[in-house]
Each structure stands twice: as C-alpha cells, then as structure tokens.
Amino acid sequence: MLRHEFKPGKLVAGLFLALAGVVFAGDAGGLWETPWFAVIPLVTGGLCLAGAVGVVGRSVRRRRAVGERTDRAQPPLGASR
C-alpha cells in the first residue's frame, strides 16, 4: 500500500529543476561555461512538461476512480436481489 498518491508532474518538475542546478553548479565549478540565460528555457520547458504530465496523471486517476465507483455499485454476477 502506498503511503501517498504518486504525482508524476511533481517528479518531472523536480528533475528539471535539479538539472538546472547541476548546469549552474558545473559552471560555478569551472567544468564548462554556461550563459546566464541558458536556464530559462530549461526551467520553462520543464515546468510546461510537468504541467502536461500532471494533467494527464489527474485525468487517468479520475477515470480510474470513476471506473472503481461504477464497479462497486453493480451487484456481482449471479447474485440475487
């Protein structure tokens, strides 16, 4: 049993923000040169992708929940009323 609901949108957002941190850490450490504006498309694209994944995840959970409710409302096959 899961302790909390899995939310893939938050996972995607966290991965992109961590990637932005790694890019700037590599620049600060002198491993490579990164222009200051390079993180803007990275963060913006990651947040847009996270939003899309969140919407898809919510619609899947909603459909699954509606399907479970209708399954419980119907009596099992062969059961008499």
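Residues numbered from 1 in each chain as written. Predicted model: local features only at pLDDT ≥ 70, side-chain atom pairs only at ≥ 80, totals over all residues. Heavy atoms only, no water.

Peer 1: I'm lost on the overall build of the protein chain in this one. Help?
Peer 2: Regarding its fold elements, the protein chain presents two helices and zero strands. Expressed as a percentage of the 81 residues in the protein chain, the buried residues total 14%. Nonlocal contacts in the protein chain, meaning residues at least 24 apart in sequence, comprise 53% of its contacts between residues at least 6 apart. For the protein chain, the exposed area adds up to about 6900 Å²; of that, 66% sits on carbon and sulfur atoms. (Helix = DSSP H or I, 4+ residues; strand = E, 2+ residues; numbered from the N terminus. Buried < 20%, exposed > 50% of the residue type's maximum accessible area, 1.4 Å probe, protein only. Contact = heavy atoms within 4.5 Å. Areas by Shrake-Rupley, 256 points an atom, 1.4 Å probe, with all protein chains shown as cover.)

Peer 1: Even after reading the chapter, I still don't get helix α1 (residues 8-28), so can you show me in this structure?
Peer 2: Along an α-helix, residues three or four apart share an orientation, since each turn contains 3.6 residues. A rise of 1.5 Å per residue sets the reference length of α1, with its 21 residues, at 30 Å; its end C-alpha atoms lie 30 Å apart and thus fit the reference within 8%. Taken together, the buried positions of α1 are Gly-9, Val-12, Ala-13, Ala-20 and Gly-26. Down the axis of α1, the smallest arc covering the buried residues is 155°, so these residues share one side. For α1, the exposed residues set more than 90 degrees away from the buried face come down to Lys-10, Leu-15 and Ala-28. (Expected span 1.5 Å × (residues − 1). Arc of directions from axis to C-beta.)

Peer 1: Sorry, what's going on with the side chain of Thr-34 here?
Peer 2: By secondary structure assignment, the location of Thr-34 is in the loop between α1 and α2 (39-73). Here Trp-32 takes part through its side chain, which lies 3.1 Å from a polar atom of the side chain of Thr-34. If sequence neighbours within four positions are ignored, Thr-34 has contacts with Val-23 and Asp-27. (Polar contact = N/O pair within 3.5 Å; in protein donor to acceptor, adjacent residues only side chain to side chain.)

Peer 1: Mind showing me how you'd approach a positive patch on the surface here?
Peer 2: Side chains of Lys-7, Lys-10, Arg-58 and Arg-62 sit close together on the surface and give a patch of like positive charge. Turning to its location among the elements, Lys-10 is positioned in helix α1. (Patch = residues over 30% accessible without salt bridge, like charges linked within 9 Å, V, L, I, M, F, W, Y side chains within 5 Å. Salt bridge = Lys/Arg side-chain N within 4 Å of Asp/Glu carboxyl O. Lys, Arg positive; Asp, Glu negative; His and termini not counted. Charge placed at Lys NZ, Arg CZ, Asp CG, Glu CD.)

Peer 1: What am I meant to see in the pattern of salt bridges here?
Peer 2: A side chain with one charge may pair with a side chain of the opposite charge, provided their charged atoms come close. Tallied over the entire structure, the rule returns one salt bridge. A salt bridge links Arg-61 to Glu-5; the nearest nitrogen and oxygen atoms lie 2.6 Å apart. Here Glu-5 lies in the segment before α1 and Arg-61 lies in helix α2, a separation of 56 residues in the sequence. Given the relative accessible area of 29%, Arg-61 is considered partly exposed.

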